[in-house]
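Structure at a glance
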Amino acid sequence: MRKELQLLRNPYTNRENSLRALLACSTMSAKSAISKEIFAPLDERMLGAVQVKRRTKKKIPFLATGGQGEYLTYICLSVTNKKPTQASITKVKQFEGSTSFVRRSQWMLEQLRQVNGIDPNRDSAEFDLLFENAFDQWVASTASEKCTFFQILHHTCQRYLTDRKPEFINCQSKIMGGNSILHSAADSVTSAVQKASQALNERGERLGRAEEKTEDMKNSAQQFAETAHKLAMKHKC
């Protein structure tokens, strides 16, 4: 009853939550379609994507866009299925009135120089990407979507880039959390192996001491038997 009254008193909150849910479903559907239409035909696998819009609009001539009007933009991260694996960042657009997606700009992951999360102290949907030959200022559809994309991007950089990795600045600690968790798990495994090895060494030392004692007892018993035999032969004579 209280919940129903609360919904009646806050109709706008209820409507806002419904719109957010619809937006989330629409975004997931779009990402699935992008993966199938843009990357699958090229034998690529999309790892993640974030819907964005520019913080500052660029002045682009009408002819440069083909006069296609408004559009949605997605920044996508993908890798090739063939070895050696190559990772890339692709800008994909969906123009108003169209159900298909169009591949626009693309950069190899090696060209990414800096990822700027803007504010490390709060959830923010804003971020910047700096490449060798381009710089873009974006706003994600939600702060959580940006966070998820950053986590995937950071993990992909750590996995596939060996020489020059991009700098992640002004990012919340939870964005790097996935990598910290991996390191923590690796440290735990290493510690467990070291403890097991130490236990085996200690056990081996104890077994070694036991074998030495057994050998000493064997030698003592043999000497006692020889002495007893000599005494018996002496008295027999």
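This text follows the structure it describes.
Before going into details, it helps to say that this report is about the structure given with it. Owing to the predicted nature of the structure, the values given are computational and were not obtained by experimental measurement. Residue positions are given per chain, counted from 1 along the sequence in the order it is written. Two thresholds apply to this predicted model, a pLDDT of at least 70 for residue-level local features and 80 or more for giving and counting side-chain atom pairs, whereas whole-chain, interface and lining totals are computed over all residues. Side-chain numbers come from the whole structure's heavy atoms, not from hydrogens or water.

This next bit is on helix α3 (residues 143–160). Under the DSSP-based scheme used, a helix requires at least four consecutive residues in state H or I and a strand at least two consecutive residues in state E, with every element numbered from the N terminus. Helix span, as expected, comes to 1.5 Å for every residue beyond the first. Compared with the 26 Å implied by 1.5 Å per residue over 18 residues, the 26 Å span of α3 between its first and last C-alpha is a close match. Every buried residue of α3 is accounted for by E145, K146, C147, F149, F150, L153, H154, T156 and C157. To sort residues, take the accessible area from a 1.4 Å probe on protein chains only and compare it with the maximum for the residue type: under 20% means buried, over 50% means exposed, and anything in between is partly exposed.

Let us now look at the nonpolar core. Joining through side-chain atoms within 4.5 Å is the link that ties buried Ala, Val, Leu, Ile, Met, Phe, Trp, Tyr and Cys residues into a set, and such a set is a nonpolar core. Ranked by internal contacts, the top residues of the largest apolar core, which has 27 residues, are I75, I89, L109, L112, F127, L129 and L153. Elements that contribute at least two residues to this core include exactly β1 (44–54), β2 (71–80), β3 (87–95), β5 (112–116), β6 (126–131), β7 (135–140) and α3. Whether two residues are in contact is decided by their heavy atoms, any of which lying within 4.5 Å being enough. What L109 contacts, discounting residues up to four positions off in sequence, is L77, A87, S88, I89, L153, T156, C157 and L161. Ranked by size, the runner-up nonpolar core spans 10 residues in total, among them I38, M46, A49 and V92.

Right, let's get into unusual backbone geometry. Leave glycine aside and you will find that most residues have negative phi; peptide bonds, for their part, are mostly trans. That bond from K83 to P84 is cis: its omega, -5 degrees, falls within 30 degrees of zero. Within the secondary structure layout, P84 lies in the loop between β2 and β3. Non-glycine residue I118 carries a positive phi angle of around 75 degrees. Mapping I118 onto the fold places it in the loop between β5 and β6. I118 gets classed as partly exposed once you look at its relative accessible area, which sits at 27%. The phi dihedral of N170 is positive, around 55 degrees, even though this residue is not glycine. The residue N170 is located in the loop between β8 (167–169) and α4 (177–236) in this model. Residue classification places N170 among the partly exposed positions, given a relative accessible area of 33%.

This part takes up a positive patch on the surface. Positive charge collects at one region of the surface, where R203, R206, R209 and K213 lie side by side. Within the fold, R206 resides in helix α4. For R206, a relative accessible area of 47% corresponds to the partly exposed category. Note on patches: the residues involved have over 30% relative accessible area and no salt bridge, like charges join within 9 Å, and the nonpolar side chains Val, Leu, Ile, Met, Phe, Trp and Tyr join within 5 Å. Per-residue accessibility takes into account occlusion by the displayed protein chains alone, with areas from the Shrake-Rupley method and a 1.4 Å probe. By salt bridge we mean one thing: a side-chain nitrogen of Lys or Arg within 4 Å of a carboxyl oxygen of Asp or Glu. Positive charge is attributed to Lys and Arg, negative charge to Asp and Glu, and no charge count is given to His or to the chain ends. The atom standing in for a charge is NZ when the residue is Lys, CZ when it is Arg, CG when it is Asp and CD when it is Glu.

Moving on, we come to the side chain of N116. For N116, the position within the fold is in strand β5. Given a relative accessible area of 12%, N116 falls into the buried group. From its side chain, N116 meets the backbone nitrogen of I118 in a polar contact 2.8 Å long. Here a polar contact means two N or O atoms within 3.5 Å. Within protein one must be a hydrogen donor candidate and the other an acceptor candidate, and residues neighboring in sequence count only if both atoms are side-chain atoms. Within the structure, the side chain of N116 is placed 3.0 Å from the side chain of N170, a separation counted as a polar contact. Non-local contacts of N116, meaning those with residues more than four positions away in its chain, are made with F127, D128, F150, I169 and N170.

Before going further, it helps to examine the pattern of salt bridges. Within the structure shown, the criterion is met by seven salt bridges. Between E132 and R113 there is a salt bridge, with its nearest N and O atoms 2.4 Å apart. Of the two residues, E132 sits in the loop between β6 and β7 while R113 sits in strand β5, which places them 19 residues apart along the sequence. The class for E132 is exposed, based on a relative accessible area of 51%. Counted as one network, the salt bridges with shared partners bring together R55, E126 and D128.

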